[in-house]
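So you can see what is in the structure, the chains are spelled out below.
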Amino acid sequence: MLKQLYSHFILGTFLLTALLAPAAAEIQPNNQFPRVKMVTSAGDIVVELNRAKAPLTVKNFLEYVEIGSYNNTIFHRIVPGFVVQGGGYDADFKAKAERPAIVNESGNGLSNSYGTIAMARVSDPHSATRQFYFNVADNTKLDPSSSRWGYAVFGWVVEGEEVLEQLAATETHVFHEPTGWGDVPLEPPMLIRIDVLPAL
């Protein structure tokens, strides 16, 4: 039993170290618009990232992709006509390890329009870590204004819009008792993995 516990401890320490260690060389550093394929339980979504407008956000996102940290996570919050959010929890609603929060790049000129991907955060404008969401409407109220920070858009869906629509139509709980959250899918769709696609 002690040997098994020790093995689990060593494995957990290794995974945490891999997540928190400095990232390897930047993925496709000369490509301003790297593309990734999100393989989900509903189908594939290809997203083009905008390194030109959101360099810090794209770098952060790709660091999680590179170590496979988004693999087998769920879309835990779905609000039809608003957003599909994921990237933070496994199938048991256990929070995934996070890197330090990043600077909010919402003032980059990209709007939270339909089909874009942006970083989720809490009330602190610079609190985004790993969770992201897809806009399934033109959510301009999430853009910055002269009096408030917005939510940083860093890419858009270029293939698989129908898959995004299918995710957005997932039936949800009004109140999810285990977590105390609303808008939790009855059967959360899975983000199986994210593949970085070859540069065009």
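Residues numbered from 1 in each chain as written. Predicted model: local features only at pLDDT ≥ 70, side-chain atom pairs only at ≥ 80, totals over all residues. Heavy atoms only, no water.

An unreviewed UniProt entry lists the protein under the name Peptidyl-prolyl cis-trans isomerase, with Pseudidiomarina sp. PP-1MA as the source organism. The record in UniProt for the protein states the following under Sequence similarities (unreviewed entry): "Belongs to the cyclophilin-type PPIase family." Heading Function (unreviewed entry) of the UniProt record for the protein holds this comment: "PPIases accelerate the folding of proteins. It catalyzes the cis-trans isomerization of proline imidic peptide bonds in oligopeptides." (UniProt positions renumbered as here; feature names shortened; annotations may be inferred.)

**Q** Could you give an account of the overall build of the protein, with specific residues and numbers?
**A** Each helix and strand in the protein was counted, giving 3 helices and 11 strands. Reading the helices (α) and strands (β) of the protein from amino to carboxyl end gives α-β-β-α-β-β-β-β-β-β-α-β-β-β. Counting the 200 residues in the protein, one finds 45% classified as buried. Look at the contacts in the protein between residues 6 or more apart in sequence, and 68% of them connect residues 24 or more apart. (Helix = DSSP H or I, 4+ residues; strand = E, 2+ residues; numbered from the N terminus. Buried < 20%, exposed > 50% of the residue type's maximum accessible area, 1.4 Å probe, protein only. Contact = heavy atoms within 4.5 Å.)

**Q** A description of unusual backbone geometry should follow, citing residues and the corresponding values.
**A** At Gln 28, a position not held by glycine, the phi torsion is positive, near 40°. Within the secondary structure, Gln 28 sits in the loop between α1 (2-20) and β1 (35-40). Unusually for a residue other than glycine, Asp 183 sits at a positive phi of about 65°. Counting through the fold element by element, Asp 183 comes out in the loop between β9 (172-173) and β10 (184-185).

**Q** Summarise the sheet that holds strand β2 (residues 43-49); cite the residues concerned and give the values.
**A** The sheet built from 9 strands is open, its strands ordered β3-β11-β1-β2-β8-β6-β7-β5-β4 with antiparallel pairing. Edge positions in the open sheet fall to β3 (73-74) and β4 (77-79), since each of these has one partner strand only. As paired strands, β3 and strand β11 (residues 190-196) are joined by 2 bridges and run antiparallel to one another. Pairing of Thr 73 across the sheet is with Leu 191, part of β11. (Pairing = 2+ DSSP bridges.)

**Q** Report on the nonpolar core, specifying residues and quantitative values.
**A** One finds Met 38, Ile 45, Phe 61, Val 84, Phe 132, Phe 134 and Phe 154 to be the most contacted residues of the largest nonpolar core, which totals 31 residues. Going through the elements one at a time, β1, β2, α2 (55-66), β6 (116-119), β7 (132-135), β8 (153-159), α3 (161-168) and β11 are the ones with two or more residues in this core. In contact with Ile 45, not counting residues within four places along its chain, are Val 36, Lys 37, Met 38, Phe 134, Val 157, Glu 159, Gly 160, Val 163, Leu 164 and Leu 167. With 9 residues, the next largest nonpolar core counts Leu 110, Ala 120, Leu 142 and Val 153 among its residues. (Core = buried A, V, L, I, M, F, W, Y, C linked by side-chain atoms within 4.5 Å.)

**Q** Just give me the short version of the layout of surface pockets, but keep the residues and values in it.
**A** Taken as a whole, the largest pocket holds about 430 Å³ of empty space. Around the largest pocket, the lining comprises 24 residues; the ones closest to its centre are Gln 85, Ala 120, Arg 121, Val 122 and Gln 131. Grouping the constituent residues of the lining of the largest pocket by class yields 12 nonpolar, 7 polar and 5 charged. (1 Å grid on protein atoms, 1.4 Å probe; cavity = no way out; pocket = protein on both sides within 12 Å on 5 of 7 lines; lining within 4 Å. Points joined across faces, edges and corners; volume = space filled by probe spheres on them. Nonpolar A, V, L, I, M, F, W, Y, C, P; charged D, E, K, R; others polar.)

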